[in-house]
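Secondary and tertiary structure notes
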Amino acid sequence: MSKIVKHGITRRGVLGAAVGAAAGSGALTGFPTIWAQNIKDIEIKHAGQPVTVLAAIGEQATKDLGFKVTMQASESADLLNRYLSQSANVDVGDVSLPYMKYLIGRNILQTISVSKFKQWDATLSLFTKSVYSDGRPASTQGIAPYTVLYATDAAGSKFASAPTEFLNGVPTITNADTLGIRPDLTGRPITSWKDLIDPQFKGKAALQDNPTVGVIDVAMAVEARGDVKYGNKGNMTKAEIDKTIELMTEIKKSGQFRSFWGSFDQSVNLMASGEVVIQSMWSPAVTAVRSRGIPCVFQPLKEGYRGWGYMLGFMKHLTGLKLDCAYEYLNWYTSGFAGAVVAREGYYSAQPMNAKKFLTANEWDYWYGGKPAAEDIHDPFGRLMEKAGRARDGGSFDERMGNIAVWNSVMDEDRYLTRRWNEFISA
Amino acid sequence: MDASPAEMARLAGQRPPRPRRRLPPWAISWIQVSPLALILFVLFAAPTGLFAVVSFFDYDRVGIYPAFLLDNYKDLFTTPATWRIYVSSLRFAVIVWAITLFLGFNIAQFLVFHVRTARVRILLFMLCAIPFWTSAIIRTIAWIPFLGRNGAFNTMLMELHLASHPLDFLLFSDFSVILTYVHLYTLLMIGPIANSLSKIDPALLEAARDSGASRFQILRWIVIPLARTGIALGSILVFTQVMGDYFVVKRMSGGQSASIVSALSTEIQAMQYPPASANAVVLVVFVAILVGLMMRVVDVRKELVS
């Protein structure tokens, strides 16, 4: 196994080139709108996942806005813990949709006013109205973005079931996950989630070692096989959890799973070394395998994708000038530069038309259009992602984000699920 | 030490000694133990007390609520997973203990009794110790590419035509977990045992030999009884390491075996602190009882003083 993929080693140097290209487009105008003399002493601390709070974004924001923006990276559970226990040390934070359930009603976040958020109209209707861009209603299984977006009042004490003026956070990043496969080793086309539990791949399948995601992936598989019919895979009843864990335990005991992975690099290494030929995976992990010259596909499946999303939330302690700066940053963050950076990692911006302004036509066509790349595609750090001629797995934005079967979730019965998951792992 | 002559003269008692108020003996004892007591209190007793208290709290997704509930313990003891992970951790601990004891005792004995020159002995000790300068995490992960399906060892077997297909049990199995534990913890056994053995007077062994004792009898009746302290200390170290492990079992079993701490970690990841605390309390009590039993076999304190 070769080296573990680590972001950020040559980040600054290489991103400079991308930034230069973007700035050349002339889109960076109109910032900042606060002209107070003292904003240069303000520092906005943006916390989030290591893959998305890239230092280059903070540096560009600092340059464009006139106050300092620093990025702070933590992995998911640590991140949530920081919000829960030390939210005073964070100003704005990326919150995954399910984690909103942990934060609302605890006096940690303050609401964002729709009228002060300038990119509202550019934001995906999938988030704001729960409909796909062609008007079809989106899946509501799991924690759908729409259900955690609005607050009932300015204090943000409860989720609102219909649109209001108050947002718990602003949608920023989203994507559709599916199974990663090794097409050279599966020996046949993979078309359905049920292939994850096909005995043909005994000892060669893997799952993410996380109760919520792992259980949902297996639920997709057992439902596709016709074993169970769920009301809501993202929010199972106790009986559904029991049934799923029972099936999972059976599958585990048959020796189906080679491993459960807990981190990005583990999933990459399992796949690259050939230990595993089919597994739950993240889009950048698939690319990381492929960048080693090993065939790996983020396989679209007929049952649809497992969707996820992030929102940018404001911490309660922000007031006055600092709050104004946070709004400035929010409006900047959603205006395209950051969306273009994460697009180059394979994530979608929740304001895609803004990101388009900062992407080359080739990048836009590849990442969002699903078209074969006209020239080589590079990641935010300048490394080769894809050779010219290849198209993105799963096709265009609408094909991928328009086919969400279930959203990442935290279930009402999560207490029970954790318990049963521990039983499953120890079985 | 480098006092000037004037100082010396003064110290030599030209002035009558001032009557000094002496602290009562109990106060002196307290002052003497206070640094350690403080460290133990702040870093051990207080956190332990805290999670013991939290283990009785109520919780939901939004928070934890002070209460005195036994539910967390009830859940813990009625879940089949609890019994399974304790049995599984104990099984790992006993197997690893037996292997490391066998290896550790023999290696220590070889180093102390059979290596003749001190220089070679130090060299060999260094060889044992140097791998421990790298982190346990690296030493764990390093096994993965070696043992994998297409890893170095399987490739070698295939090249040498010793196997027709890769051996899957080498990685992500109980085998790989035990192998890694043994690799990580054997030194913990070697150290204390070698220390005990080096205190044995060679004259004793010679006397036994002169009196006609066989090698086995010497081992059984002299060496092992005198190495008891080292064996007990090594056993405690290995046992507590395995029982409290999280990383090795998770990585080397590919997440397919659970340890007590990995179950606890799943609860923490799900923000369920009270049941995680209850789990921790039970683990601490359990390990304390085991260590207590080992201490009964050997009075480590007495042995260390002598």
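For every chain, the first residue of the written sequence is number 1, and numbering continues from 1 onward in sequence order. Labels are handed out in written order, letters beginning with A for the chains and numbers beginning with 1 for the ligands. With pLDDT at 70 or above as the cut-off, local features in this predicted model cover only qualifying residues; side-chain atom pairs require 80 or more to be listed or tallied, and sums for whole chains, interfaces and linings still use all residues.

A separate point is the overall build of chain A. Each helix is a run of H or I in the DSSP string that is no shorter than four residues. Each strand is a run of E no shorter than two, and both are numbered from the N terminus. What chain A contains, in helices and strands, is 17 helices and 18 strands. Structurally, chain A occupies a C-alpha span of about 65 × 50 × 40 Å along its principal axes. In this description, any two residues whose backbone-derived C-beta atoms lie within 7 Å of each other are considered to be in contact. When contacts within chain A are restricted to residue pairs at least 6 apart in sequence, long-range pairs at least 24 apart make up 72% of them.

In terms of regular secondary structure, chain B is built from 16 helices and 2 strands. The atom set for the radius of gyration is the C-alpha atoms, and the globule formula is 2.2 Å times the number of residues raised to the power 0.38. In summary, chain B has a C-alpha radius of gyration of 26 Å against a globular reference of 19 Å for 306 residues, an excess of more than 25%. Residues with at least 20 other C-beta atoms within 10 Å of their own are called buried, those with 12 or fewer are called exposed, and the rest are partly exposed. The C-beta atoms themselves are positioned from the backbone. For chain B, the proportion of its 306 residues judged to be buried stands at 30%. Restricting to contacts in chain B with at least 6 residues of sequence separation, those with at least 24 account for 70%.

Bringing the environment of Ser349(A) into the picture now. Residues and elements named next belong to chain A. Summarising the element assignment, serine 349 is placed in strand S15 (residues 348-349). Distance in space between the C-alpha atoms of serine 349 and proline 171 is 8.5 Å, their sequence separation being 178 residues. In this structure, serine 349 is in contact with Ile173, Gly339, Val342, Ala343, Asn354 and Ala355, ignoring residues within four places of it in sequence.

Glancing now at helix H12 (residues 228-243) of chain B. Residue count minus one, scaled by 1.5 Å, sets the expected span of a helix. The end-to-end C-alpha distance of H12(B), which contains 16 residues, comes to 22 Å, matching closely the 22 Å that a straight helix rising 1.5 Å per residue would cover. Among all positions in H12(B), only Thr229(B), Gly230(B), Ile231(B), Ala232(B), Leu233(B), Gly234(B), Ser235(B), Ile236(B), Val238(B), Phe239(B), Val242(B) and Met243(B) are buried.

Turning to the interface of chain B and chain A, a few remarks are in order. Contacts between chain B and chain A engage 29 residues on the former and 28 residues on the latter. Of all the secondary-structure elements, those providing two or more residues to the side of chain B that touches chain A are helix H4 (80-114), helix H7 (143-147) and helix H14 (260-269) of chain B. When residues in the side of chain B that touches chain A are grouped by element, the largest group, 5 residues, is from H4(B). Under the convention adopted here, Pro, Cys and the residues Ala, Val, Leu, Ile, Met, Phe, Trp and Tyr are nonpolar, Asp, Glu, Lys and Arg are charged, and Gly plus all remaining residues are polar. Residues that form the side of chain B that touches chain A fall into these classes: 11 nonpolar, 11 polar and 7 charged.

This part covers the environment of Trp421(A). Note on placement: Trp421(A) falls in helix H17 (residues 414-426). Measuring from C-alpha to C-alpha, the distance between Trp421(A) and Asn210(A) comes to 8.6 Å, with 211 residues separating the pair along the chain. Beyond its immediate sequence surroundings of up to four residues, Trp421(A) is in contact with Pro211(A), Val215(A) and Thr266(B).

Looking now at the pairing of strand S11 (residues 257-261) of chain A. Residues in a regular strand point their side chains to alternate faces of the sheet. Residues and elements named next belong to chain A. Burial analysis of S11 places 5 of its 5 residues in the buried class, which makes it a mostly covered element. Two elements, strand S10 (residues 205-208) and S11, share 4 bridges in a ladder whose sense is parallel. Counterpart to alanine 206 in the pairing with S11 is serine 259. Strand pairing follows a simple DSSP-based rule, namely that at least 2 bridges must link the two strands.

Right, let's talk about the sheet that holds strand S7 (residues 166-167) of chain A for a bit. Residue and element names in this part refer to chain A. Read across the sheet, 3 strands follow the order S5-S7-S6 without closing on themselves; strand pairing throughout is antiparallel. In the strand order of this sheet, the two ends are held by strand S5 (112-113) and strand S6 (150-151), each with one partner. As paired strands, S5 and S7 are joined by 2 bridges and run antiparallel to one another. The residue bridging isoleucine 112 from the neighbouring strand is leucine 167, located in S7.

Residue and element names in this part refer to chain A. The strand order across the open sheet formed by 5 strands is S11-S10-S12-S9-S13, and the pairing between neighbours is mixed. The open sheet is flanked by S11 and strand S13 (297-299), the only strands paired with a single partner. Averaged over neighbouring strand pairs, the angle between their axes works out to 25 degrees when direction is ignored. To get an axis, a line is fitted to the C-alpha atoms, and for a helix only the part in contact is used. The angle between two axes follows their N-to-C directions and goes from 0 to 180 degrees.

A positive phi angle, close to 65 degrees, is found at Asn107(A), a residue other than glycine. Mapped onto the elements of the fold, Asn107(A) is located in the loop between helix H4 (100-103) and strand S4 (109-110). Positive phi, normally seen in glycine, also occurs at Met271(B), with a value near 65 degrees.

A word on the environment of Tyr150(A). All names here are of chain A. Counting through the fold element by element, tyrosine 150 comes out in strand S6. Tyrosine 150 sits 22 residues away from threonine 128 along the chain, and the two C-alpha atoms are 8.9 Å apart. Among residues more than four places away in sequence, those in contact with tyrosine 150 are Phe159, Ala160, Pro163, Thr164, Phe166 and Leu167.

Moving on: the packing of H17(A) against H4(B). The geometry of H17(A) relative to H4(B) is characterised by a closest axis approach of 9 Å and an angle of 35 degrees between their N-to-C directions. In the packing of H17(A) onto H4(B), the handedness of the crossing is left-handed. Residue-level contacts link Asn422(A), Glu423(A) and Ser426(A) of H17(A) to Pro80(B), Ala81(B), Arg84(B), Ile85(B) and Ser88(B) of H4(B). Per-class residue counts for the contact of H17(A) with H4(B) are 3 nonpolar, 3 polar and 2 charged. Crossing handedness: left-handed means the near helix sits turned counterclockwise from the far one by under a right angle, and right-handed means the same turn made clockwise.

Time to look at the packing of helix H3 (residues 71-78) of chain B against helix H15 (residues 273-297) of chain B. Residue and element names in this part refer to chain B. Running from N to C, H3 and H15 point in directions that differ by 65 degrees, and their axes come no closer than 9 Å. Looking at the two axes, H3 sits roughly perpendicular to H15. For the element pair H3 and H15, the recorded crossing hand is right-handed. Where H3 abuts H15, its residues Asn72, Tyr73, Asp75 and Leu76 lie against Pro274, Pro275, Ala278, Asn279 and Val282. Here the residues of the contact of H3 with H15 sort into 6 nonpolar, 2 polar and 1 charged. Orientation is classified from the angle alone, with under 35 degrees giving roughly parallel, over 145 giving roughly antiparallel, 65 to 115 giving roughly perpendicular, and any other angle giving oblique.

Right, let's talk about the nonpolar core for a bit. We define a nonpolar core as a collection of buried residues of the types Ala, Val, Leu, Ile, Met, Phe, Trp, Tyr and Cys that are connected via C-beta atoms lying within 7 Å of each other. Formed by 177 residues in total, the largest nonpolar core has its most connected members in Leu103(A), Ile278(A) and Tyr329(A). Here this core takes 11 residues from H4(B), the largest share from any one element. Both of domain 1 (11-175 + 310-367) and domain 2 (179-303 + 396-426) of chain A provide at least three residues apiece to this core. Ignoring any residue separated from it by four or fewer positions in sequence, one finds Leu103(A) in contact with Tyr83(A), Val95(A), Ile108(A) and Leu109(A). As used throughout, domain bounds are those supplied by an automatic or database domain assignment.

It is worth spelling out the confidence of the model for chain A at this point. Every residue is assigned a pLDDT by the predictor, reflecting its confidence on a scale from 0 to 100. Overall, the predicted model of chain A reaches an average pLDDT of 88, with 91% of residues at or above 70. Counting contacts from residues 1-30 of chain A, a segment whose pLDDT is below 50, to residues more than four positions away or on other chains yields 38 contacts.

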